[in-house]
Amino acid sequence: MSTPQAHSEDHAAEMPHGTRRSYMTGFVLAVILTFIPFALVMAGGFASARLTAFVVLAFAIVQIVVHMIYFLHMNLKSEGGWRFISLVFTMIVLIIALVGTMWVMHNMNSYMMPGM
C-alpha cells in the first residue's frame, strides 16, 4: 500500500511543469499581446471601428493560445490528447453560444427597432 506522500510524488511526476524561462516567455508575450490592443484603442484605433474590433479580437485569440501553451501546458501529447480534445469541445460549445447570442441580439435589434 502506498503512502499519501508517495502518491502525491507520483502524481507530481505526471504533471507537466514549465521552466522559469518558459513562464517568463509566456508572461512577456501576454504583456505584449495586452499592450498592443490597449495602445491601439487608446490612440483612437483605425478609421473603421469594425477593423479595430477585429484586430483586438485577433490579439485576444492569440493571447488565449499563449496562455494555453505556456501556462496551462496544453499540447497534443499531454494526457494522451484528452486534454486537447476537451479543449476543442469547449471551444466549439463556446463558439456556438457566442455566435447564437450575437445572432439573437442582431435579430432582436432588427425586428423590434425597425425605424432606428
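Fair warning: this is a prediction, and the values are worked out from it, not measured in the lab. (Residues numbered from 1 in each chain as written. Predicted model: local features only at pLDDT ≥ 70, side-chain atom pairs only at ≥ 80, totals over all residues. Heavy atoms only, no water.)

Draft legend 1. Quick peek at the side chain of His73. Within the secondary structure, His73 sits in the loop between helix 3 (49–70) and helix 4 (82–112). Within polar-contact distance, the side chain of His73 engages the side chain of Tyr23 at 3.0 Å. (Helix = DSSP H or I, 4+ residues; strand = E, 2+ residues; numbered from the N terminus. Polar contact = N/O pair within 3.5 Å; in protein donor to acceptor, adjacent residues only side chain to side chain.)

Draft legend 2. Up close: the layout of surface pockets. Considering only enclosed or pocket space, the largest pocket measures out at about 210 Å³ in volume. Surrounding the largest pocket, Leu57, Ala60, Ile61, Ile64, Val65, Met68, Met91, Leu94, Ile95, Leu98 and Val99 form its lining. Those elements that place two or more of their residues in the lining of the largest pocket are helix 3 and helix 4. The biggest single contributor to the lining of the largest pocket is helix 3, with 6 residues. When grouped by side-chain class, the residues that make up the lining of the largest pocket number 11 nonpolar, no polar and no charged. (1 Å grid on protein atoms, 1.4 Å probe; cavity = no way out; pocket = protein on both sides within 12 Å on 5 of 7 lines; lining within 4 Å. Points joined across faces, edges and corners; volume = space filled by probe spheres on them. Nonpolar A, V, L, I, M, F, W, Y, C, P; charged D, E, K, R; others polar.)

Draft legend 3. Broad picture of the confidence of the model for the protein. Across the protein, pLDDT averages 83, with 83% of residues at or above 70. For the protein, helix 1 (residues 4–14) is the element with the lowest average pLDDT, namely 55, and helix 2 (residues 20–42) is the one with the highest, namely 95. (pLDDT = per-residue confidence, 0-100.)

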